[in-house]
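# Analysis of the macromolecular model
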Amino acid sequence: MEKNGNNRKLRVCVATCNRADYSKLAPIMFGIKTEPASFELDVVVLGSHLIDDYGNTYRMIEQDDFDINTRLHTIVRGEDEAAMVESVGLALVKLPDVLNRLKPDIMIVHGDRFDALALATSAALMNIRILHIEGGEVSGTIDDSIRHAITKLAHYHVCCTRSAEQHLISMCEDHDRILLAGCPSYDKLLSAKNKDYMSIIRMWLGDDVKCKDYIVALQHPVTTDIKHSIKMFELTLDALISFNKRTLVLFPNIDAGSKEMVRVMRKKGIEHHPNFRAVKHVPFEQFIQLVAHAGCMIGNSSCGVREVGAFGTPVINLGTRQIGRETGENVLHVRDADTQDKILQALHLQFGKQYPCSKIYGDGNAVPRILKFLKSIDLQEPLQKKFCFPPVKENISQDIDHILETLSALAVDLGGTNLRVAIVSMKGEIVKKYTQFNPKTYEERISLILQMCVEAAAEAVKLNCRILGVGISTGGRVNPQEGIVLHSTKLIQEWNSVDLRTPLSDTLHLPVWVDNDGNCAAMAERKFGQGKGQENFVTLITGTGIGGGIIHQHELIHGSSFCAAELGHLVVSLDGPDCSCGSHGCIEAYASGMALQREAKKLHDEDLLLVEGMSVPKDEPVGALHLIQAAKLGNVKAQSILRTAGTALGLGVVNILHTMNPSLVILSGVLASHYIHTVKDVIRQQALSSVQDVDVVVSDLVDPALLGAASMVLDYTTRRIH
């Protein structure tokens, strides 16, 4: 079979050294196994997999139905610095015979362990191509040096984050041989949380333990400062004993210092303490469930700052072992501690919280990208590595899907009539939009939102759009910090004290932002519209209701109780018509679509609406557009109503000018173009001379609510990356 110039299947050797790297390599191995026409798989097992004290974890590879081609006992016991060096030497002695026998086309090596360095060194010296998984990342120990050394030996690179990709390019690696795929373990993580988990929790922690009411602790020695890391472990155990919650403690890895850490555990009686369960190994699928439903994870494992973010589980990261890692907002760092008090305080702060799910390290589609990348490798190309000087290219990857992928957001607009979901690109282009009638009950509405978002997220993969998060625009008062609709307008029923963030985040495994529709319109103008680059401006959105948003010094104003910019409820007449808010004389009571519909119905009931050239079908309700059409055709009464509505809106704008003194006022929504001239006339007649020169413009954005919802996601992501 022809494969990019190769006339045979690609022979891939996957070498795994410990339980941690197998969790990243297993999804790739399963993927390779499903394509026997393209690949031959050889599995080499070495390192702590084969040691009884560390759980004989090679058995889980056999349980996954992989044939282990070779077992290599490479660990020299002693758990100190000299033993690590001797273990590398022993592996280097044994590996040449194995590689000569297997003759792989490519060896897949993961991460930053000393065993992996031996693998990469052997393969490089024997002219075997190396694919390195998770290069380019930064942490805080000797692992950094080992990881970067493997990068220099490897021919191809699969990285998990955009920062890691840029680091590899900065290290002079050929950008054509770098794939930004995400972490392979996320392919399992993002579909795992909703499986049965209580039986797993009970098996490892006891029958009386409840979900979110236990801790998972996993702490390893820091080989560059063993003495201090052992002291930190001792303080951690003291804090956990004082905190008095059921805790699953996993034994440390085989690095230098682990033997002393085990002594600390036994000195404190952890293995026999009623609140603790101390174990050497937990199968990865079960470990996922344990951390996903824990009240907190504590320690210094990379799993805590990487994988656990996918579930929003709170994490306490201790010491310097992961100091350079990218983390989600679920991670609280305790860099140093002289007593247990600081760690205990961190436990009180974190335990039981729920954070938005994070996809910093992957979106669940890493393995298909990696398999495609493997197939693209041309064995006829020269083996000698090339380095790129200077390495300054951005957003470049060998994988064609990545090149074509568009960073995007899911935008949700909860209108009074329709519920809309859209895929919006970083440039503000609406790639695809979905519209349904907004259900009247809470249960139906939540169910429909989840259904539409799940369908849109699935469609995004087909459209080569990488979804970074979800933004929601809704009417009413919103607490954007917690993603809760405090209370909504009468147009959206059964929609008070509603947590929108949690169900969406749990279902989609994405971060979620929520804000008022007027605020979203202002954010849309700031990012994509006429407010771009403006320091101070105000947006008024005219639709079914009247909303608005205020940008002051480039930032959106929410107010002390999230009630700022309720511009539709500025009172412009003491004896005006009743408003939906319970007051009367508000701008919304005059100029909203609902107000115009009310006036249109009155005229129609009195046979004063229709003029020559107009008709309203019997089954069609009379609305604001009929009033506008009548005014255009010369209906004097309709013209008077529109002029009154525009005047009310203009008086509201004058009040805004006198209060906020913005440099720009943007009228948005379907009615904006019908009001603009009247609003400008009112400003000339009623405003102070110092503000009469303000620019008043009609928005040129088609969907400000959707674009504003998307901008919350895209702005946050841009700030975090750059």
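For the structure itself, look to the data block above.
Read on for a plain summary of the structure. The structure presented is a predicted model; accordingly, all values stated were derived computationally and were not measured.

## So, the sheet that holds strand 3 (residues 68–72)
In space, the seven strands of this open sheet follow the order 3-2-1-4-5-6-7, with parallel pairing throughout. Taken across any chain shown, the strands that pair with only one partner, and hence form the sheet edges, are strand 3 and strand 7 (178–180). Mean inter-strand twist for the sheet, computed between neighbouring axes without regard to direction, equals 20 degrees. Sheet analysis places strand 6 (residues 156–159) next to strand 7, joined by three bridges and oriented parallel. Note on strand 7: the bridge partner recorded for Val158 is Leu179. Against the sheet, helix 3 (residues 81–102) engages strand 1 (10–16), strand 2 (39–46), strand 3 and strand 4 (106–110), with an angle of about 165 degrees to strand 3. Set on the sheet, helix 14 (residues 366–375) makes contact with strand 1, strand 2, strand 4, strand 5 (129–133), strand 6 and strand 7; between it and strand 7 the angle comes to about 160 degrees.

## Details of the pairing of strand 22 (residues 537–542)
Within strand 22, six of the six residues are buried, which leaves it mostly tucked inside the rest of the structure. Burial of the side chains of strand 22 extends over both faces: Phe537, Thr539 and Ile541 are buried on one face and Val538, Leu540 and Thr542 on the other. As judged from the six bridges shared by strand 22 and strand 23 (residues 546–552), these two strands associate in the antiparallel manner. Paired with Thr542 across the two strands is Ile546, which belongs to strand 23. Here strand 22 pairs with strand 25 (residues 664–669) via six bridges, running parallel. Of the residues in strand 25, the one forming a bridge with Val538 is Val665.

## Re the pattern of salt bridges
For the structure shown, the criterion picks out 33 salt bridges. The salt bridge partner of Lys24 is Glu134, with a shortest N-O separation of 3.2 Å. A residue pair is termed long-range when its members are at least 10 positions apart, and Lys24 in helix 1 (residues 19–33) and Glu134 in the loop between strand 5 and helix 5 (142–153) qualify at 110 residues. You'll find Lys24 and Glu134 in the same group, each marked buried. Residues Asp144 and Arg147 are paired through a salt bridge, measuring 2.6 Å at the closest nitrogen-oxygen approach. Taken together, the positions of Asp144 and Arg147, both in helix 5 and three residues apart, correspond to about one turn of that helix. The same class applies to Asp144 as to Arg147, namely buried. The network of salt bridges with common partners includes Lys24, Glu134, Glu137, Arg306 and Glu307.

## Focus: the nonpolar core
Counting residues in hydrophobic clusters, the biggest one holds 61 residues, and the most contacted among them are Met107, Leu119, Ile215, Ile298, Ile316, Ile343 and Leu347. For this core, the element with the most residues is helix 9 (residues 226–243), which contributes nine residues. Setting aside its immediate chain neighbours within four residues, Ile316 contacts Cys296, Met297, Ile298, Gly299, Leu332, Val334, Ala346, Leu347 and Gln350. Listed in part, the 42 residues of the second largest apolar core include Leu567, Ala591, Ala624 and Ile628.

## Side note on the pairing of strand 11 (residues 296–299)
Of the two faces of strand 11, the one carrying Cys296 and Ile298 and the one carrying Met297 and Gly299 are both buried. Here four bridges tie strand 8 (residues 215–218) to strand 11, and the two strands are oriented parallel to one another. Paired with Ala217 across the strands is Ile298, a residue of strand 11. Summarising the sheet, strand 11 and strand 12 (residues 315–318) pair through three bridges and their orientation is parallel. Opposite Ile298, over in strand 12, you have Ile316 as the bridge partner.

## Describing the packing of helix 9 against helix 13 (residues 340–350)
Axis separation between helix 9 and helix 13 bottoms out at 8 Å; the angle between their running directions is 50 degrees. Classified by the interaxial angle, the pair formed by helix 9 and helix 13 is oblique. Where helix 9 crosses over helix 13, the handedness of that crossing is right-handed. Facing Met232, Leu235, Thr236, Asp238, Ala239, Leu240, Ser242 and Phe243 of helix 9, the residues of helix 13 in contact are Gln340, Ile343, Leu344, Leu347 and His348. For the contact of helix 9 with helix 13, the residue count by class is eight nonpolar, four polar and one charged.

## Quick word on unusual backbone geometry
Unlike most non-glycine residues, Lys103 shows phi in positive territory, near 45 degrees. Its location among the elements puts Lys103 in the loop between helix 3 and strand 4. Given a relative accessible area of 59%, Lys103 falls into the exposed group.

## Re helix 11 (residues 284–292)
Most of helix 11 sits inside the fold, with seven of its nine residues counted as buried. Buried within helix 11 are the following residues: Phe284, Phe287, Ile288, Gln289, Leu290, Val291 and Ala292.

## Structural notes on the environment of Asp605
Its location among the elements puts Asp605 in helix 20 (residues 593–605). Residues Asp605 and Val622, 17 residues apart in the sequence, show an inter-C-alpha distance of 10.0 Å.

## With respect to the sheet that holds strand 16 (residues 430–437)
As summarised here, the arrangement of the five strands in space is 16-15-14-17-21, forming an open sheet in which the pairing is mixed. Both edges of this open sheet fall to strand 16 and strand 21 (512–516), since each of them pairs with a single strand only. Across the sheet, the mean angle from the axis of one strand to that of its neighbour is 20 degrees, orientation sign disregarded. Bridge count for strand 14 (residues 406–414) against strand 17 (residues 465–474) is eight bridges, and the pairing is parallel. Residue pairing in the sheet places Val412 in a bridge with Ile472 of strand 17.

## Comments concerning the side chain of Asp115
Along the chain, Asp115 turns up in helix 4 (residues 114–125). One buried charge, Asp115, has no salt-bridge partner; the nearest side chain with opposite charge is Arg113, at 4.5 Å. Those residues in contact with Asp115 that sit more than four places away from it in its chain are Cys17, Gly47 and Ile75.

## Overview of empty space enclosed by the protein
Using the criterion set out here, one finds five cavities of 30 Å³ or more in the structure. Within this model, the largest cavity holds a volume of roughly 670 Å³. Along the wall of the largest cavity there are 41 residues; nearest its centre are Asn18, Arg19, Ala20, Asp21 and His220. Of all the elements in the fold, those that place two or more residues in the lining of the largest cavity are helix 1, helix 5, helix 11 and helix 12 (302–305). No other element matches helix 1, which puts five residues into the lining of the largest cavity. Class assignment for the residues of the lining of the largest cavity results in 13 nonpolar, 15 polar and 13 charged. Of the volumes computed, that of the second largest cavity is approximately 50 Å³. Along the walls of the second largest cavity sit Ile75, Val76, Glu79, Asp80, Ala83, Met84, Ser87, Phe114 and Ile254, which together make up its complete lining. Per element, the largest residue contribution to the lining of the second largest cavity is three residues, and it comes from helix 3.

Calculation notes
Here, residues in each chain are numbered from 1, in the same order as that chain's written sequence. Given that this is a predicted model, residues contribute local features only at a pLDDT of at least 70 and side-chain atom pairs are listed and counted only at 80 or more, while totals for whole chains, interfaces and linings are drawn from all residues. Computation of side-chain values: all heavy atoms of the structure, hydrogens and water removed. Any two strands with at least two DSSP bridges between them are considered paired. A run of DSSP states H or I qualifies as a helix once it reaches four residues; a run of E qualifies as a strand once it reaches two. Both are numbered from the N-terminal end. With axes taken as lines fitted to C-alpha atoms, and helix axes fitted only over the stretch in contact, angles between N-to-C directions fall between 0 and 180 degrees. By the convention used here, residues are in contact when the closest approach between their heavy atoms is within 4.5 Å. The cut-offs for exposure are 20% and 50% of the maximum accessible area for each residue type, with area from a 1.4 Å probe on protein chains only; residues under the lower value are buried, those over the upper are exposed, and the others partly exposed. A pair is scored as a salt bridge if a Lys or Arg side-chain nitrogen falls within 4 Å of a carboxyl oxygen belonging to Asp or Glu. Throughout this description, the term nonpolar core refers to a set of buried Ala, Val, Leu, Ile, Met, Phe, Trp, Tyr and Cys residues connected via side-chain atoms within 4.5 Å. For classification, angles of less than 35 degrees are called roughly parallel, those exceeding 145 degrees roughly antiparallel, those between 65 and 115 degrees roughly perpendicular, and all remaining angles oblique. Should the near helix be turned counterclockwise from the far one by less than a right angle, the crossing is left-handed, whereas a clockwise turn marks it as right-handed. Throughout this entry, Asp, Glu, Lys and Arg are counted as charged residues, while Ala, Val, Leu, Ile, Met, Phe, Trp, Tyr, Cys and Pro are counted as nonpolar. The remaining residues, Gly among them, count as polar. Only four residue types enter the charge count: Lys and Arg as positive, Asp and Glu as negative, with His and the chain ends excluded. Cavities and pockets are defined on a 1 Å grid built over the protein atoms alone: a cavity is a set of grid points where a 1.4 Å probe fits but cannot escape, while a pocket is an open set with protein on both sides within 12 Å along at least five of seven lines, and lining residues are those with an atom within 4 Å of any such point. Grid points are joined across faces, edges and corners, and a volume is the space filled by probe spheres set on the points.

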